[in-house]
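Geometric and topological summary
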Amino acid sequence: MKFVGLTKSQVEESRKLHGSNTLTEIPPDPLWKKILEGFKDPMIMILLVALVIQVVLFFLHQAEWFEPVGILVAILIANGVASVSENQQEGKASALKAEEEAKEMAKVIRDGQLTEIHVSEVVVGDIVYLQAGDKIPADGIVVDGELKVDQASLNGETEEADKIATPSDAKYDIKDLLNKYYAYRGTVVVGGEAYMEVKVVGDKTLFGELALEVQEETRETPLQVKLGKLANQISTFGYIGAICIVVGIMAKTLLTGSIPHGVYEWIRLIMDAVTVAVTIIVCAVPEGLPMLTSILLSFQSMKMAKDNVLVRKINGLETAGSLSILFSDKTGTITEGRLSVVELATGNVKQFTKLSEMEAPLAMDVVTGIGINNSAMASNGQIIGGNSTDRALMAFLLDANAVNNLSREDVKTFNAFDSNKKSSSVTITRDGKSITYVKGAPEKIIEKCTHYLDEKGEVKELVEKNYLTTYIDAQAGRSMRLLAVAKAQGDSDDTDLTLICVISIRDNVRKEAVEAIREVRNAGIQVVMVTGDRKETAVAIAKEAGLLVSKEDVALTSAEMGELSDEELKKVLPNLRVVSRALPTDKSRLVRIAQDLNLVVGMTGDGVNDSPALKKADVGFAMGSGTEVAKEAGDITILDDNFSSIEKAILYGRTMFKSIRKFLIFQLTVNVAAVLTCFIGPLLGENVVLTVIQLLLINLAMDTLAAIAFGSEPALKEYMRDKPVPREASIVSKEMLVEIIISAAYITFVCLGILFVPFIRNLFGDVDVTYLKSALFATFMMAITFNGFNARTSHTNPFEGLGRNKNFLIVMFAIFAMQFVFVTFGGEVLSVEALTPSAWLICIVLAFLVIPIDMIRKALMNKASE
């Protein structure tokens, strides 16, 4: 053995001097810290204020014990569900990572002996022995041997890099991944054998540097921004409403002459007014919203796992629904991530896509020419060894069930790929004669061809080569990697050849990716393909994938983009579709520029090189086959590496956002109607229209149950036809506000009408005020329940597709049943009297009218928008 390696003492000295080969990792926040962080949510903070007020009122004997308890339960459920769900997802990811890391071993020479150690024990100066299949454990120089290395984990590309022994006078740039001497941690050896001297370990490796960049804070998600605004609006509405109620009650008392006589009566009047005001504040806060958000995130995350999408960071899901621009990798995401045989053409340019389309004589020569003359092997349905091209050829034969026709016993000699000849050859014996098959660069082989095999396998003279050259040029323009296969009689290929075929090989565009890209673009999301490939290849793939479709669409190289200032790039960005020869820094710059334009940015990636951009993006989609560093940086892991799964994640995110908006229409209608009813009632002469207990029942029942109802809304393809909601846009749109105001106004009118409008009041006959208030309470509850049907769809028909959400029907039925129990058996506790069947019928009709009223509104608004 020519290498001795380090001694035990040298290993320890090196570790002290240069550090260990472990990567620094910031551990995820523990569950308790996640829960504490959750209390910073603006909605939760409003609930905490309401909780404090209710506790104070309870000790002043102005509130029942269950009122503060109800708010506390809502806070704990809302905060706890999200925190626990995210903690569980992180736990799964950590367990998978630890399991993978435990298997990482390296072969090193120490004290003259080859030994296997864990990757973390490798130190600077170690001599590492590398073979095909090994993952390189650290950065270093090749000191002996030759390697072919798959560097996709760092540059995202399938093209293999050659590494050779480093001469003493060699000059190279370690930042240039294509240099021939320096090997990098995290890359994989696919061919050859070599010894590498470790130069850098741990965080100082390129892999480690990129991993450290991932440990950065990210900005608020679009939903967090929108909910923060809504929280401020709701708190302002609640506080103004509360002040108005206090002032209104005091003014009404003074104007009607019912002025209190003693100090105690004044205190009692003020306390009554404050109690109603505080109740209004509590009612103004949709405490079910944080709970709904948590339920939705967890519920949708579980559904998405079945669609090969693992939501690692729970907020990534809602952000996916708000995407306005998506930077996507090419290799493995838009394309299949492996080379495949696309087409075969004979010397007279007859084209085939399958072996079964060929006549038997031609097929036999093709199988021998690419199957026997191949360094890869097929065994039990698996392909072993070989470079990416040989593996693609063997996969073509495997798919055609032709590997059983390979008879390696007839092989006399095999000559591996010769870089000078740019070809490999094999000589076999057939029917007692020697035949040599050669495959390699078309320009080298075709110039030696005097004959060709036609589509029937018959030998014809190759006189005119121009049409074949034209075909080859056209295929090269489609980013095809081309191989020529030929044969010669005898034991040598240094003679006249007979052309068998020209093979086109390429990393094909996924068929499902084309449709998914079309869907995403129709959803108003700009898709930009970012790749390390050369521009010609990138443009060809982009055209086939449906990214480059008009003259305005722009494709830039990394160098061209580097020449643009940030302001110039911002002007180009709306039309940008392709970035080729991309560097890791280009991806981070693109994310930063897009975020400067206030776009919601998505980034896909699988390599360590993608990690910083994945982290900086609003939502990072890491590929399931990618590096652990990329998965750590991403918010969502696409387990099948498929662009169509990204489309599903966007759809689920949009469904979640739609569900939140539906819930807000429902809940804010309840809140506005409750505030208006309790504000106007005292001004019309009735100090207490809805009691504090009734309001809390309405609030808790509607918040909690409605969160379950709207949290189960199905993902509808129609959501992908909507344009993205801008990051700064309000979560409550103008259309939603109109719906809330009209429905709340009707509910307020009909409920107050039971007390103050003779026509409506007389429908119930000659009854006392308590009976009318019972009818008011029943009507209010049923009206807001019927309004739930209005809220769940923007279509004119509110009952459309009801069967797709059975939980909604169950919840609505449960609220109706609860209301009947409350009014019938509530008695003095709820300040109600049981209603007669005829009174119930009147209440139901008055409540149901909220549906046709909203149908008219929808019809008018839909007509106006046409």
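Residues numbered from 1 in each chain as written. Predicted model: local features only at pLDDT ≥ 70, side-chain atom pairs only at ≥ 80, totals over all residues. Heavy atoms only, no water.

**What about the overall build of the chain?**
The secondary structure content of the chain amounts to 30 helices and 26 strands. Counting all 866 residues of the chain, 54% fall into the buried class. For the chain, the share of sequence-separated contacts (at least 6 apart) that also reach a separation of at least 24 residues comes to 72%. Carbon and sulfur atoms form 58% of the exposed surface of the chain, whose accessible area is close to 37500 Å². (Helix = DSSP H or I, 4+ residues; strand = E, 2+ residues; numbered from the N terminus. Buried < 20%, exposed > 50% of the residue type's maximum accessible area, 1.4 Å probe, protein only. Contact = heavy atoms within 4.5 Å. Areas by Shrake-Rupley, 256 points an atom, 1.4 Å probe, with all protein chains shown as cover.)

**A closer look at the environment of Ala834**
Structurally, Ala834 is set in the loop between helix 28 (827-830) and helix 29 (837-848). Ala834 gets classed as partly exposed once you look at its relative accessible area, which sits at 44%. Separated by 14 residues in the primary sequence, Ala834 and Phe820 have C-alpha atoms spaced 9.0 Å apart. Setting aside anything within four residues of it in sequence, one finds Ala834 in contact with Tyr771, Val823 and Thr824.

**Thoughts on the pairing of strand 10 (residues 335-345)**
Burial analysis of strand 10 places 8 of its 11 residues in the buried class, which makes it a mostly covered element. Inspection of the sheet shows strand 10 paired to strand 20 (residues 497-509) by 7 bridges, in the antiparallel sense. When the sheet's bridge partners are listed, Glu343 is paired in strand 20 with Ser504. Note: strand 10 against strand 11 (residues 351-352), 2 bridges, orientation antiparallel. In the sheet register, Ala345 faces strand 11, and the bridge partner there is Gln351. (Pairing = 2+ DSSP bridges.)

**What about helix 22 (residues 643-683)?**
An ideal rise of 1.5 Å per residue puts 60 Å on 41 residues; helix 22 measures up with 60 Å between its terminal C-alpha atoms. Its side-chain oxygen 3.1 Å from the backbone nitrogen of Ser644, Asn642 forms the N-cap of helix 22. A positive phi of about 115° marks Gly685, the residue just after helix 22. (Expected span 1.5 Å × (residues − 1). Polar contact = N/O pair within 3.5 Å; in protein donor to acceptor, adjacent residues only side chain to side chain.)

**Quick word on the environment of Asp111**
Examined against the element boundaries, Asp111 turns out to sit in the loop between strand 1 (105-110) and strand 2 (113-118). With near-sequence residues (within four places) excluded, Asp111 lies in contact with Val4, Leu6, Thr7 and Lys8.

**So, the packing of helix 24 (residues 734-756) against helix 26 (residues 769-791)**
Relative orientation of the contacting elements helix 24 and helix 26 amounts to 160°, with a least axis distance of 9 Å. Relative to helix 26, helix 24 is oriented roughly antiparallel. Classified by chirality, the crossing of helix 26 by helix 24 is right-handed. Counting all contacts with helix 24, which are made through Glu739, Ser743, Ile747, Val750, Cys751, Leu752, Ile754 and Leu755, the residues of helix 26 involved are Leu772, Lys773, Ala775, Leu776, Thr779, Phe780, Ala783, Ile784, Asn787, Asn790 and Ala791. Here the residues of the contact of helix 24 with helix 26 sort into 13 nonpolar, 4 polar and 2 charged. (Axes fitted to C-alpha atoms, helices over the stretch in contact; angles between N-to-C directions. Parallel < 35°, antiparallel > 145°, perpendicular 65-115°, else oblique. Left-handed = near helix turned anticlockwise from the far one by under 90°. Nonpolar A, V, L, I, M, F, W, Y, C, P; charged D, E, K, R; others polar.)

**Points about the pattern of salt bridges**
Opposite charge on two side chains permits pairing when their charged atoms draw close. Applying the stated criterion to the full structure yields 33 salt bridges. Put simply, Asp493 and Lys421 hold a salt bridge, and the shortest N to O gap is 3.4 Å. Linking Asp493 in the loop between strand 19 (481-489) and strand 20 with Lys421 in the loop between strand 14 (411-418) and strand 15 (423-430), this pair joins segments that are 72 residues apart in sequence. Its relative accessible area of 38% is what places Lys421 among the partly exposed residues. Asp854 serves as the salt-bridge partner of Lys858, at 3.5 Å between the closest nitrogen and oxygen. Note that Lys858 and Asp854 are positioned in helix 30 (residues 850-865) at a spacing of 4 residues, about one turn of the helix. Asp854 matches Lys858 in its accessibility class, with the two residues each being buried. A single salt-bridge network, built from bridges that share partners, covers Lys421, Lys448, Asp493 and Asp494. (Salt bridge = Lys/Arg side-chain N within 4 Å of Asp/Glu carboxyl O.)

**So, the confidence of the model for the chain**
The share of residues in the chain with pLDDT of 70 or more is 86%, and the mean pLDDT across the chain is 83. The weakest mean pLDDT in the chain belongs to helix 4 (residues 66-102) at 63; the strongest belongs to helix 29 at 95. (pLDDT = per-residue confidence, 0-100.)

**Thoughts on the state of the cysteines**
Using the criterion set out here, one finds 0 disulfides in the structure. Cysteine Cys843 is unpaired, with the sulfur of Cys751 as its nearest cysteine sulfur at 9.0 Å. (Disulfide = S-S within 2.5 Å.)

**Looking at the nonpolar core**
Phe621, Phe643, Leu690, Ile747, Phe780 and Leu835 are the most contacted members of the largest nonpolar core, which has 110 residues in total. Per-element tally for this core: the top contributor is helix 22, with 18 residues. Setting aside residues up to four positions removed in sequence, Ile747 forms contacts with Thr669, Ala673, Phe780, Ala783, Ile784 and Val850. (Core = buried A, V, L, I, M, F, W, Y, C linked by side-chain atoms within 4.5 Å.)

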